[in-house]
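Structural overview for review
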Amino acid sequence: MRTTLASVVGTLLLSAASFAACASAANVPAESQALPQATAIPVRFEHSVDTNNAKVGDTVTAKTMQVVVLPDGRRIAKGSVLVGHVAANQAFSFDSTPYAHQSPSTLSIHFDKLQAGSESVLVNLSVRALANVNDSVDASYGHSVDNQDSVGMMTLIGGLTFSPLQKMIQDDNGDAIAYNRHNGLFARLVASGSCSGTDTEQSIAIFSPDACGVYGFAGDYLADTGRNGSGTFTLATRGHSIKLYAGSTALLQVNEAK
């Protein structure tokens, strides 16, 4: 029998009660969580966050885009909810001082727990890749090149292209780099930019194995990925306020225990 998120929670609940007395979920250390280090969690944001009206403490939710399979066979169901909050927020305000260096607009988000039904797991996550709603929609279905092509080709966030009919996805050298299964797309993550690779297979949904950074956010950048163990990521931009629209997606990863 396959084990679901409920069994993941079991080992956590014993320590969570005592932990809650001395710390809030917003400051959960990586070692207190039950999910294995480097586990990738592809999610879609449920509602928009606008720095012009967001407040620190506002709830942020995102749902898992496909089944997440852990190394020991346990599974986190598609549609499980990550619950977090706005940790910091700064709308853009133009400084009219001559030759002034304009301060960026920033939005910091911290995910606190993974919820499945009445059970929850405390989490400490970083952002590996973040994509805006348009790029996320485009990567979610095949694009036909002509009327004879009824299936189309998938172009994932990060650039990997393949046919939805392919079960094994290969690179130019013929090496398998991802597998297209009935419950989602899986791959070993590839080191790219500031992102490390993994030796274990991960759930990647609509992301390329080497996806790293921001996609489709003109001028926006990750000022902080949360990879330092803080579990808080910061999106920043200059010249305008940040709007993280519902439907945007992220490939998150469980932080290394410190």
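Shown above is the structure to which this text applies.
These lines cover the structure that appears in this document, whether it is placed above or below. Source: prediction; values computed, not measured. (Residues numbered from 1 in each chain as written. Predicted model: local features only at pLDDT ≥ 70, side-chain atom pairs only at ≥ 80, totals over all residues. Heavy atoms only, no water.)

1. As for the state of the cysteines
Within the structure shown, the criterion is met by one disulfide. Here cysteine 195 engages in a disulfide with cysteine 212; their sulfurs sit 2.1 Å apart. Across the S-S bond linking cysteine 195 and cysteine 212, the dihedral sits near 80°, which makes this disulfide right-handed. Highlighted residues: cysteine 195 in the loop between strand 14 (184-188) and strand 15 (201-203) and cysteine 212 in the loop between strand 15 and strand 16 (213-215), separated in sequence by 17 residues. Cysteine 212 matches cysteine 195 in its accessibility class, with the two residues each being buried. (Disulfide = S-S within 2.5 Å. Helix = DSSP H or I, 4+ residues; strand = E, 2+ residues; numbered from the N terminus. Buried < 20%, exposed > 50% of the residue type's maximum accessible area, 1.4 Å probe, protein only.)

2. Looking at the nonpolar core
The biggest cluster of nonpolar side chains holds 31 residues, and the ones touching the most others in it are Leu35, Phe45, Leu82, Phe111 and Leu252. Elements represented by at least two residues in this core include exactly strand 1 (40-45), strand 3 (59-64), strand 6 (81-90), strand 7 (105-116), strand 9 (125-131), strand 18 (232-237) and strand 20 (249-254). Top element by residues in this core is strand 7. It accounts for four residues. With 21 residues, the next largest nonpolar core counts Met65, Ile169, Leu189 and Ala205 among its residues. (Core = buried A, V, L, I, M, F, W, Y, C linked by side-chain atoms within 4.5 Å.)

3. Points about the pattern of salt bridges
All chains considered together, the criterion is met by four salt bridges. As a salt-bridge pair, lysine 243 and aspartate 50 come within 3.9 Å of each other at their nearest N and O atoms. Of this pair, lysine 243 sits in strand 19 (residues 243-244) while aspartate 50 is found in strand 2 (residues 49-50), placing the two residues 193 residues apart along the sequence. We note a salt bridge from arginine 181 to glutamate 201, for which the minimum N-O separation is 2.8 Å. Taken as a pair, arginine 181 in strand 13 (residues 176-181) and glutamate 201 in strand 15 lie far apart in primary sequence, 20 residues in all. Overall, the relative accessible area of 34% leaves arginine 181 in the partly exposed class. (Salt bridge = Lys/Arg side-chain N within 4 Å of Asp/Glu carboxyl O.)

4. Overview of the pairing of strand 8 (residues 119-122)
The sheet contact formed by strand 7 and strand 8 spans four bridges and is antiparallel. Directly across from lysine 113, in strand 8, lies its bridge partner leucine 122. (Pairing = 2+ DSSP bridges.)

5. A look at unusual backbone geometry
Trans peptide bonds make up the majority, and among non-glycine residues the majority have a negative phi. Of note, the phi angle at tyrosine 99 is positive, near 60°, even though the residue is not glycine. Its location among the elements puts tyrosine 99 in the loop between strand 6 and strand 7. Phi at alanine 205 takes a positive value of approximately 55°, unusual for a residue other than glycine.

6. Observations regarding the packing of aromatic side chains
If you walk through the whole model with that rule in mind, you get one aromatic pair. With a centroid separation of 6.1 Å and an interplanar angle of 35°, the aromatic rings of phenylalanine 45 and phenylalanine 111 are classed as tilted. Of this pair, phenylalanine 45 sits in strand 1 while phenylalanine 111 sits in strand 7, and the two are 66 residues apart along the sequence. Take phenylalanine 111: its relative accessible area is 2%, and that puts it in the buried class. (Phe/Tyr/Trp six-rings, centres within 6.5 Å; stacked < 30°, edge-to-face > 60°.)

7. Some details on the layout of surface pockets
When its volume is computed, the largest pocket comes out at roughly 310 Å³. Lining the largest pocket are 17 residues, and of these Gln66, Gly184, Leu185, Ala205 and Ile206 sit closest to its centre. Across the lining of the largest pocket, the residue classes tally to nine nonpolar, six polar and two charged. Space inside the second largest pocket adds up to approximately 230 Å³. Lining the second largest pocket are 14 residues, with Gln37, Ala38, Arg227, Val254 and Glu256 positioned closest to its centre. Residues that form the lining of the second largest pocket fall into these classes: three nonpolar, eight polar and three charged. (1 Å grid on protein atoms, 1.4 Å probe; cavity = no way out; pocket = protein on both sides within 12 Å on 5 of 7 lines; lining within 4 Å. Points joined across faces, edges and corners; volume = space filled by probe spheres on them. Nonpolar A, V, L, I, M, F, W, Y, C, P; charged D, E, K, R; others polar.)

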